[in-house]
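Okay, here's what each chain looks like letter by letter:
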Amino acid sequence: MPGMQTLARVLLAAGPADAEHIQPVTTGMIVKYAVTTVVGIALVWGVIRLFGWIEEKTRASFGVRAGLIGIGVILTAVGAYLGLFWAPPDRMMGDVQRIMYCHVPLLWNALIALCINFACSVLYLIKPSWKTDSLAEAAAETGVVMGANGVLLGAIWAKPTWGVWWTWDPRLIAAAIMLIAYAGYLALRRFIEDPDRRALWSSVVGILVAVDLPVVWFAVRWFRSIHQFQSSPSTVDPALRVPLRVMAFAFLFLLMGFLWQRYRIALAHRKDEVALPDALPTTARREVTP
Amino acid sequence: MSPPVRQPVGFFRATAILLRKDLLLEWRTRARVNALVFFALATLLLFAFALDANRNIMQAAAGGLLWLGLLFSSVLALGESFRVENENAALDGIRLVPASGRAIFIAKALGNTLLIYALGWLLLPVMVALYDIHLTLGPGPYAIALLLGCLSITAPGVVFSAIANNARARDVLLPLLLFPLLVPALLASVKATTLVFGGDPMDQLRSWLWLVAGFDVIYWALGFLLFPRVIED
Amino acid sequence: MTSPGDPAPAVDIRDVSKRFGRRWALARLSYTLPRGRSLLLTGHNGSGKTTLLRLIATALAPTAGKLWVLGHDAVARKDEVRARVALLSHASFLYEDLTAEQNLVILARLMGHEAPKDRAHALLERVGLTRRSSHPIRHFSAGMRKRLAIARLLMKAPELALLDEPFGELDPAGIAEMEAIIAELKASGTSLILATHLVDQGLRLCEERLHLVDGRRVDP
């Protein structure tokens, strides 16, 4: 698409002269991200349908939630053992480095939750539904809680290793902006009483914020021009990789459990907000009760 | 068959009419615009006190201080421009004419851009006096950097202001939503303005300006797409 | 669906509901108003009159049900409806800081009138505000605002006029003038919906009547 190419070229030309080490934005990348976005939104739509099916058509809801959180807790215990006792201490940082096993997976999962929020925001604008709205609320809140914990652990890790709680490192700036932006999103949800308007407007805000975040990421990297390599299981020592992976999955299961639980609470709130004593129109264009 | 009715004016004509209306409103309420100018001046003065009136620090930070002053002022301007629309549900009246929501968005955003842009020029001599800055690269690059930065503030600002004006605690909500979103564009604008003030030995200005322009494209496109959904419920 | 010479009804409401939070402002309302007729809408405060008018004006979208206005779908073809319908609402739709003339001129421009100033002046004279045309609305009394809002409505020359409490805040002379304006609109073939507490005035002007109680249709 010519529009995308132009945008790619603009962004490509935009990097400051001293930022060669930064991966340039190419049309291929943009196409890849666009495809990923669409697939991700479709996936979340599928998950919402699955939630709905399990909630309405089966009696397994409690069991599934308990199972998810149970698996999460067990994996957390395993991961904690592996991280605290099985993995060797880091050669440079010593035992302090073990914070990574919580810090990094928390932030990964926070990002997953916020991506779900974005997908729900888009889905709501396509087709209004209390389910998408509730999942958006659940995802934003869970994401902010996990992200805040991750950042807090990061600060605790930073103090003994870097000597300060906080540095103006691009990734830290991006994380802080992300948390503040979604705190604003959650505040907006609290400040609008009418459920329909709240759902619509928070979707708009959710999309704007989510589109902004990758941009924040690139911008602060260019702004600070500090090279930071990404932590992923493949860039760290194999012995450290196992607990990191286990903890990532542990938090993923916990995230799913929390999301689902919070989604039920949000949905119950919506149900209460639009609860009607009688004369429920049967031809409702959109579901009034979920 | 219903008889043919007068079709509403085209998109660009509607945008022009609405922009003219917004500027007229600003002119009619120029006492408020004056207050905005003095508010911006007061912030610049306060920054000087906060930095202990240290000439070197102020010179180095001038770009950032300018954009903070403009950002704070723009929050007031944006809030005001939708308060006026909501007073007698005037925006509903425009919407039911019918006027396109996108024309309303473009007109509102352009109107606010012009206001903040003019403010940026008004603040320049004050910055020269207070912070001892120089327009090393001349007025042309300053004009471009200022315009691009203003465009990046107003597009999301209009969307959020339209939302926040209908919520409780709207005065808190608008900056809370707007400030984090604007960080990237603001960073680039600050960099560009700092280069305009301090000189650009490594020829970086162009790339920072392109970066702000890229954000402008993203913000304006999103606002253009989403704003009609915000005002139609 | 309709043959030429047999115009679509002014308003065709089918099973329309509107929910605000946990309250049904309108519950499964059905009603058809033939073209050129006038309808008196009565009911206590909060019975759904204003909501119904705002739905027909497409300022709101129905939660459920179908709504055709002058043969156009009021959900899918909003602009078609908006171009033909004018609403006189509680909110005056006026800019407080602009003068009466400026308010009307902007509207005339947006509607694409050739000579917006002349049109505005003619309407200001019609509603008796010529003397105050260059005063900002902020200093207007409630009755004067109402007059200006009527001028705003007449500007559109609507096929369907929606009048929400047109007699409110008017002095007796104003009420008489308003009745004359409404009679004139009727004479020119405009369909009318009139929501008012002044049932006597309303019954004099309207052939049809719809009484709402808690968003439901009730025989008065």
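How each quantity is defined
- Residues numbered from 1 in each chain as written.
- Chains lettered and ligands numbered in written order.
- Predicted model: local features only at pLDDT ≥ 70, side-chain atom pairs only at ≥ 80, totals over all residues.
- Heavy atoms only, no water.
- Helix = DSSP H or I, 4+ residues; strand = E, 2+ residues; numbered from the N terminus.
- Buried < 20%, exposed > 50% of the residue type's maximum accessible area, 1.4 Å probe, protein only.
- Contact = heavy atoms within 4.5 Å.
- Phe/Tyr/Trp six-rings, centres within 6.5 Å; stacked < 30°, edge-to-face > 60°.
- Lys NZ or Arg CZ within 6 Å of the ring centre and 35° of its normal.
- Expected span 1.5 Å × (residues − 1).
- Bend = angle between axes of the 7 residues up to and from the residue.
- Axes fitted to C-alpha atoms, helices over the stretch in contact; angles between N-to-C directions.
- Parallel < 35°, antiparallel > 145°, perpendicular 65-115°, else oblique.
- Left-handed = near helix turned anticlockwise from the far one by under 90°.
- Nonpolar A, V, L, I, M, F, W, Y, C, P; charged D, E, K, R; others polar.
- Pairing = 2+ DSSP bridges.

Moving on to the overall build of chain A. Check the secondary structure of chain A and you find eight helices and zero strands. Starting at the N terminus and ending at the C terminus, chain A contains elements arranged as α-α-α-α-α-α-α-α. Here chain A holds 290 residues, and the buried ones make up 48% of them. Here the analysis covers contacts within chain A between residues at least 6 apart in sequence; of these, 79% occur between residues at least 24 apart.

Residues and elements named next belong to chain B. Going through the model one piece at a time under the given rule, you end up with 14 aromatic pairs over all chains. Taking 6.4 Å as the distance between ring centres and 85 degrees as the angle between the ring planes, the aromatic pair formed by tyrosine 117 and tryptophan 121 counts as edge-to-face. Of the two residues, tyrosine 117 and tryptophan 121 are both situated in helix 5 (residues 101–131); the distance of four residues between them amounts to about one turn of the helix. Of the aromatic side chains, those joined through ring pairs into one cluster are Phe82, Phe105, Trp220 and Phe227. Directly above the aromatic system of phenylalanine 224 lies the positively charged group of arginine 102, at a separation of 5.2 Å from the ring centroid. Of note, lysine 108 hangs over the ring of phenylalanine 82, and the distance from its end group to the ring centre comes to 5.7 Å.

So, on to helix 6 (residues 139–164) of chain B. Residues and elements named next belong to chain B. Along its 26 residues, helix 6 runs 36 Å from first to last C-alpha, staying within 8% of the 38 Å computed at 1.5 Å per residue. If you look at helix 6, its biggest bend is around 30 degrees, right at glycine 157. For helix 6, the tally of buried residues reaches 21 of 26 residues, placing the bulk of the element in the interior.

Turning next to the packing of helix 2 (residues 27–57) of chain A against helix 8 (residues 238–273) of chain A. Residues and elements named next belong to chain A. Relative to each other, helix 2 and helix 8 sit at 65 degrees, their axes nearing to 12 Å. What the angle tells us is that helix 2 and helix 8 run roughly perpendicular. Of the two possible hands of crossing, helix 2 and helix 8 adopt the one that is right-handed. Across from Phe51, Ile54 and Glu55 in helix 2, the residues of helix 8 making contact are Trp260, Tyr263 and Arg264. Across the contact of helix 2 with helix 8, the residue classes break down as four nonpolar, no polar and two charged.

Bringing the sheet that holds strand 1 (residues 11–20) of chain C into the picture now. Residue and element names in this part refer to chain C. Read from one edge to the other, the open sheet built from four strands follows the order 2-1-4-5, with strand pairing classed as antiparallel. Edge positions in the sheet fall to strand 2 (23–33) and strand 5 (72–73), since each has one partner strand and no second. Here seven bridges tie strand 1 to strand 2, and the two strands are oriented antiparallel to one another. By the bridge assignment for strand 2, arginine 19 is matched with tryptophan 24. On the sheet, helix 1 (residues 49–56) packs against strand 1, strand 2 and strand 4 (64–69) and is oriented at approximately 120 degrees with respect to strand 1.

As for its placement among the helices and strands, C:Asn103 is situated in helix 3 (residues 100–110). Setting aside anything within four residues of it in sequence, one finds C:Asn103 in contact with C:Leu94, C:Tyr95, C:Leu98 and C:Ile137.

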